[in-house]
Amino acid sequence: MICSFAKPKPEHLIIGHLTETPQVLSIARLALQHVSRHRQSTPWSAEAGGQLFGTINAAKVCVIEASGPYAGDERSRYRYRSNPAAAQCAIEDRHKRGLLYLGEWHTHAEDHPSASGLDDDAMRRLISSSQLNSNALLMMIVGRARSAAGLAVWSVSSEAARQWILSASP
Ligand SMILES: [Zn+2]
């Protein structure tokens with residue numbers, strides 16, 4: 001008789017660190033699966049994106065869910081902007097379930113993504129225009145490579161953008 005048991009899958013797939021703070025970033029399987037489905041793996045696919053949700057304390061930022069893209073977004077090969085009403089609905093819906101809005105994600109048509117000047121500007125505008133409790137937001141860019149190699153995440157504040165050093169959790 002052969003019995004096979006699936007190993008429990010790790011809750012968090014990607015772990016991140018910043019150089020000068022002890023805070024840890026963790027990205028859950030569910031969130032990673034969501035954004036990975038929208039990778040720009042064909043020459044004609046447009047950018048996709050949306051919002052990131054989870055929990056935050058002094059020790060850890062946990063990205064648990066990602067939402068979007070939505071009908072009514074502005075999408076092209078090199079540009080993404082969420083439909084603001086749909087994004088607001090997603091934020092209110094997750095808030096009811098105790099998940100905080102942590103920031104934004106979008107895809108890039110490159111294997112190992114880097115932030116464009118437009119991305120930095122967009123994040124700064126978002127921070128200055130929103131009434132958030134925190135003065136920093138996550139910006140996640142999803143490239144074409146799989147897992148940590150295809151992801152780039154920054155914590156963006158009005159003063160600086162700091163990039164998280166990512167690794168796949170064992
Ligand atoms: Zn971008």
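This text gives an overview of the structure that appears in the document. Bear in mind that the values here come from a model prediction, so they are computed numbers and not experimental data.

Calculation criteria
Residues numbered from 1 in each chain as written. Predicted model: local features only at pLDDT ≥ 70, side-chain atom pairs only at ≥ 80, totals over all residues. Heavy atoms only, no water. Donors = N, O, S within 2.8 Å, 3.2 Å for Na, K, Ca; no water. Tetrahedral: all angles 85-135°; square planar, octahedral: opposite > 155°, others 65-115°. Buried < 20%, exposed > 50% of the residue type's maximum accessible area, 1.4 Å probe, protein only. Helix = DSSP H or I, 4+ residues; strand = E, 2+ residues; numbered from the N terminus. Contact = heavy atoms within 4.5 Å. 1 Å grid on protein atoms, 1.4 Å probe; cavity = no way out; pocket = protein on both sides within 12 Å on 5 of 7 lines; lining within 4 Å. Points joined across faces, edges and corners; volume = space filled by probe spheres on them. Nonpolar A, V, L, I, M, F, W, Y, C, P; charged D, E, K, R; others polar. Salt bridge = Lys/Arg side-chain N within 4 Å of Asp/Glu carboxyl O. Expected span 1.5 Å × (residues − 1). Arc of directions from axis to C-beta. Polar contact = N/O pair within 3.5 Å; in protein donor to acceptor, adjacent residues only side chain to side chain. Core = buried A, V, L, I, M, F, W, Y, C linked by side-chain atoms within 4.5 Å.

**Focus on the coordination of the zinc ion**
Distances from the zinc ion to its protein donors, H106 (NE2), H108 (NE2), D119 (OD) and D119 (OD), fall at 2.1 to 2.3 Å. Every donor counted, the four donor atoms about the zinc ion form angles of 56 to 151° at the centre, which fits irregular coordination. All donors of the zinc ion belong to a single chain; written as a sequence motif, their spacing is H-x1-H-x10-D. Each member of the pair, H106 together with H108, is buried.

**Comments concerning the environment of I14**
Tracing the chain through its elements places I14 in strand β1 (residues 12-17). Given a relative accessible area of 0%, I14 falls into the buried group. In this structure, the C-alpha to C-alpha distance between I14 and S169, residues 155 residues apart in sequence, is 5.4 Å. Each residue touching I14, except ones within four places of it in the same chain, is listed here: L25, S26, I27, L32, S147, A148, L151, L166, S167, A168 and S169.

**Regarding empty space enclosed by the protein**
Across all of its chains, the model carries one cavity of 30 Å³ or more by this definition. Lining the largest cavity are L32, V35, S36, R39, V142, G143, A145, S147, G150 and L151. Per-element accounting of the lining of the largest cavity gives the leading share, three residues, to helix α1 (residues 29-36). Broken down by class, the residue content of the lining of the largest cavity amounts to five nonpolar, four polar and one charged.

**A word on the pattern of salt bridges**
Tallied over the entire structure, the rule returns eight salt bridges. Measuring nitrogen to oxygen at the nearest pair gives 3.0 Å for the salt bridge that ties R94 to D93. Between D93 and R97 there is a salt bridge whose closest N-O contact spans 3.5 Å. Classification of D93 as partly exposed rests on a relative accessible area of 34%. Judged by its relative accessible area of 47%, R97 falls in the partly exposed class. Ionic contacts of the salt-bridge type, sharing partners, join the residues E65, D93, R94 and R97 into one network.

**Regarding helix α2 (residues 84-96)**
Between the first and last C-alpha of α2 there are 19 Å, a value that for 13 residues agrees with the 18 Å anticipated at 1.5 Å per step. Residues A86, A87, A90 and R94 constitute the buried set of α2. Buried residues of α2, viewed axially, fall in a sector of 100°; they line one side. What points out from α2, more than 90 degrees from its buried face, is the exposed set A85, C89, H95 and K96. Where α2 is buried, its residues touch β3 (49-56) and β4 (60-66). Measuring from the side-chain oxygen of the N-cap residue of α2 to the backbone nitrogen of A85 gives 3.1 Å; that N-cap residue is N83. One or two positions beyond α2, positive phi appears at G98, with a value near 80°.

**Topic: the side chain of H106**
Topologically, H106 is positioned in strand β7 (residues 100-107). Among the residues examined, H106 registers a relative accessible area of 10% and is labelled buried. Polar side-chain contacts of H106 include one of 3.1 Å to the side chain of D119. Beyond its immediate sequence surroundings of up to four residues, H106 is in contact with E47, A48, G49, Y80, D119, M140, I141 and V142.

**A look at the nonpolar core**
By size, the foremost hydrophobic cluster in this structure holds 23 residues, and its most contacted members are L25, I27, L138 and M140. Elements represented by at least two residues in this core include exactly β1, β2 (24-28), α1, β4, β7, β8 (136-142) and β9 (151-157). Formed by 16 residues, the second largest nonpolar core is a distinct cluster that contains L99, M123, M139 and I141.

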